[in-house]
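Topology and contacts: notes
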Amino acid sequence: MPSRQIHDRCPGVLRPFAADDGAIVRLRLPGGRTDTTELVDISALAEEFGAPFVQLTSRGNLQLRGLPEPLPEPFVRTVERLGLLPSATHERVRNIVADPSPELDWLVSELDDRLQRDDALATLPGRWLFALSDETGPSLDAPYDVAFQQFSPTSGRLLAGRQSRPCSPAEAVSALLGVANRFLTLRDSDAVWNVRDLPSDSPLFVGFETFDSAPTVSRRAAGSGPIGANVVELTELGVPLGFLTPTLVAALVATLGSSARIVVTPHRSLVLPADTSPEAIDELIGAGFHCATDPRRRVTACIGAPFCRRTDSPTVEIARTTPAPEADGRLHIVGCERACGRPTSTHTLVVAPRNADDVADARGDR
């Protein structure tokens, strides 16, 4: 059982988190689904009220920081007008990651809608995470509490912890919400935030079977087309260190148009429409996005100083000047042992470096 003494502090619009540079709010984008128009509006909010960038989070959401405390009323009203605060009671629990496949859109929408209409689920911890995946399974990399993986239009499986059971797409949303409700009745403390905090013999897992191997996960840089049909590749571009700047947003609009479908991923990247041309992709890379194979995507960092009060290590600036690891290695630079934003995949963690030389020493590069 975790030894947590406080409620989770995941920020929302109605409950911001106070950092050294001001208030932080997190805008939930279920399944990461958005479009260029919405990104323009969110970027404008950041520029007007806080730090002039939007952060991509490890759950496919968007984060604004450096905001006044308390939040200005016009800021909150604008968030509501944009449809980014559809429920005051459930705003912090709308945590849904999903593969970018358009065939999962209806599941994302139905899960979000029914989640908001279930009064009991307003008390889910802000760290709780739903995941939806197609047969390739990239979203199953996320530290989900309960997930659904679709294999075909009529088959799939429900996953909770290291347990799974067969589940059809038609049953999926009810099954996902059922696990969430069951979790709330079984946890005996507000310090129990996730399914992994429950014992392995918990009644939550009745009807499930332990699986020996990890779920199928594809590392390709795209989502899939119709399940069981020919795969339609979707281009993924990395956002440098997860900072979506006004320049990058403007490039998206200029290249893709004002209402292009975008999917924000937990890997701090954007998935573009299937019909995006090679020329458009080249233009976006020229504007500052990273292609899927860019080695710089293997270096990540927490926000660090001067933004975070927990450290004086300028992690972002250090990450920008640190050479990427070779081959498939990953490097995550953090300002303290809390290690915010650390990847779920295998990586080297460097804590509180002062400069790029300290990173090299920690990695044993010299």
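This text follows the structure it describes.
Predicted, not measured: the structure shown is a model, and the values here were computed from it. Here the residue numbers are simple positions, counted from 1 along each chain's written sequence. Predicted model: local features are reported for residues with pLDDT of at least 70 only, side-chain atom pairs are reported and counted for 80 or more only, and whole-chain, interface and lining totals are derived from all residues. In computing side-chain values, all of the structure's heavy atoms are included and hydrogens and water are not.

1. Considerations on the overall build of the protein
To be explicit about the condition: Working definition: helices are DSSP H or I runs of at least four residues, strands are E runs of at least two. Numbering for both runs from the N terminus. To get the radius of gyration, use the C-alpha atoms; to get the globule rule, take the number of residues to the power 0.38 and multiply by 2.2 Å. The rule is simple: take the accessible area with a 1.4 Å probe, protein chains only, and divide by the maximum for that residue type; under 20% is buried, over 50% is exposed, in between is partly exposed. Only the protein chains shown count as cover for residues, and the accessible areas themselves come from Shrake-Rupley with a 1.4 Å probe. Here Asp and Glu are counted as negative and Lys and Arg as positive; His is not counted, and neither are the chain ends. The atom standing in for a charge is NZ when the residue is Lys, CZ when it is Arg, CG when it is Asp and CD when it is Glu.
Looking only at helices and strands, the protein features eight helices and 18 strands. Rg of the C-alpha trace for the protein: 20 Å, near the compact-globule value of 21 Å for 366 residues, within the 12% margin. Within the protein, the proportion of its 366 residues that are buried is 52%. As displayed, the protein offers around 16100 Å² of accessible surface, 50% of which is attributable to carbon and sulfur atoms. If you average the places of the 37 positive and of the 47 negative side-chain charges in the protein, the two averages end up 5 Å apart.

2. Structural notes on the sheet that holds strand 5 (residues 62-67)
Heads up, the rule is: Two strands make a pair as long as DSSP finds a minimum of two bridges between them.
What the five strands build is an open sheet, ordered 1-2-5-4-13; its pairing is antiparallel. Looking along the sheet, the strands with just one partner apiece sit at the ends: strand 1 (17-19) and strand 13 (243-244).

3. Structural notes on the nonpolar core
The condition that has to hold: Only buried residues count toward a nonpolar core. Its members are Ala, Val, Leu, Ile, Met, Phe, Trp, Tyr and Cys residues joined through side-chain atoms within 4.5 Å.
Ranked by size, the top nonpolar core spans 36 residues in total, and within it Leu64, Phe75, Leu244, Leu270 and Phe289 carry the most contacts. At the level of secondary structure, the elements contributing two or more residues to this core comprise strand 2 (22-27), helix 1 (36-49), strand 4 (54-56), strand 5, helix 2 (73-81), helix 5 (246-256), strand 14 (261-264) and helix 6 (278-287). In terms of nonpolar packing, the next biggest core, distinct from the first, is built from 33 residues, Trp128, Phe148, Val173 and Val195 among them.

4. As for unusual backbone geometry
Generally, phi is negative for residues other than glycine and the peptide bonds are trans, each holding for most cases. Look at the link from Glu69 to Pro70: it is a cis peptide, with omega at 0 degrees. Checked against the element boundaries, Pro70 lands in the loop between strand 5 and helix 2. Following Ala305, the chain continues into Pro306 via a peptide bond in cis, with omega recorded as 5 degrees. For Pro306, the position within the fold is in the loop between strand 16 (299-301) and helix 7 (315-321). One non-glycine residue, Arg268, adopts positive backbone phi at about 55 degrees. Relative to the helices and strands, Arg268 resides in the loop between strand 14 and strand 15 (269-271). Although it is not a glycine, Ala352 sits at a positive phi angle of roughly 55 degrees. With respect to the element layout, Ala352 can be found in the loop between strand 18 (348-351) and helix 8 (356-363). On the basis of relative accessible area, Ala352 is assigned to the partly exposed category, the value being 36%.

5. Notes on the packing of helix 3 (residues 105-116) against helix 4 (residues 169-186)
How two helices pack is summed up by the angle between their axes together with the distance between the axes. Quick note on the threshold: Structural elements are reduced to axes, namely lines fitted to C-alpha atoms, with helices fitted over the stretch in contact, and the angle between N-to-C directions of any two is expressed from 0 to 180 degrees. In this scheme, a crossing is called left-handed if the near helix is turned counterclockwise away from the far one by less than a right angle; it is called right-handed if the turn is clockwise. Only heavy atoms matter for contacts: two residues are in contact if any of them lie within 4.5 Å across the pair. Under this grouping Gly is polar, as are all residues other than the nonpolar Ala, Val, Leu, Ile, Met, Phe, Trp, Tyr, Cys and Pro and the charged Asp, Glu, Lys and Arg.
Orientation of helix 3 relative to helix 4, taken along the N-to-C sense of each, is 35 degrees, at an axis distance of 10 Å. The two elements helix 3 and helix 4 meet at a crossing, and its hand is right-handed. Two secondary-structure elements touch here, helix 3 through Trp106, Leu107, Glu110, Leu111, Arg114 and Leu115 and helix 4 through Pro169, Ala172, Val173, Ser174, Leu176 and Leu177. Across the contact of helix 3 with helix 4, the residue classes break down as nine nonpolar, one polar and two charged.

6. Observations concerning the packing of aromatic side chains
Definition in use: Each aromatic pair joins two rings of Phe, Tyr and Trp (for Trp, the six-membered one) with centres within 6.5 Å, and gets the label stacked for planes under 30 degrees apart, edge-to-face for over 60, and tilted for any other angle.
Under the definition given, this model contains five aromatic pairs. Seen in terms of ring centroids, Trp128 and Phe130 are 6.0 Å apart; in terms of plane orientation they differ by 70 degrees. Their pairing is edge-to-face. Each member of the pair, Trp128 together with Phe130, is buried. Judged by centre distance (4.7 Å) and plane angle (50 degrees), the ring pair of Trp128 and Phe183 falls under tilted. Here Phe183 lies in helix 4 and Trp128 lies in the loop between helix 3 and strand 7 (130-133), a separation of 55 residues in the sequence.

7. Digging into the environment of Leu121
The topology assignment puts Leu121 in the loop between helix 3 and strand 7. In this structure Leu121 touches His90, Val93, Leu115, Leu177, Ala180, Asn181 and Leu184, once residues within four positions along its chain are discounted.

8. Some words on the pairing of strand 9 (residues 155-160)
Along any regular strand the residues' side chains alternate between the sheet's two faces. For strand 9, the buried fraction is high: five of the six residues fall into the buried class. As defined by bridge partners, strand 8 (residues 146-152) adjoins strand 9 across six bridges and the pair is classed as antiparallel. Note on strand 9: the bridge partner recorded for Val146 is Ala160. Hairpin geometry of strand 8 and strand 9 is characterised by an intervening segment of two residues between the two adjacent antiparallel strands. Bridge count between strand 9 and strand 10 (residues 163-166): four bridges; the pairing is antiparallel.

9. Focus: the pattern of salt bridges
When their charged atoms lie close together, side chains carrying opposite charge are able to pair. Note the following rule: By definition here, a salt bridge exists when the distance from a side-chain nitrogen of Lys or Arg to a carboxyl oxygen of Asp or Glu is within 4 Å.
For the structure shown, the criterion picks out 12 salt bridges. Across the salt bridge formed by Arg296 and Asp294, the nearest N and O atoms sit 2.6 Å from each other. Overall, Arg296 belongs to the exposed group, its relative accessible area being 52%. A salt bridge links Asp312 to Arg354; its shortest N-O distance comes to 2.8 Å. Residue Asp312 is found in the loop between strand 16 and helix 7, and its partner Arg354 is found in the loop between strand 18 and helix 8; the two are separated by 42 residues along the sequence. Residue Arg354 is classed as partly exposed on the basis of its relative accessible area of 44%. Via salt bridges that share partners, Arg33, Asp105 and Arg261 belong to a single interconnected network.

10. Quick word on the side chain of Ser139
Its location among the elements puts Ser139 in the loop between strand 7 and strand 8. Residue classification places Ser139 among the buried positions, given a relative accessible area of 6%. If near-sequence neighbours (up to four positions away) are discounted, Ser139 is found in contact with Val97, Ala98, Asp99, Ala131, Leu132 and Ser133.

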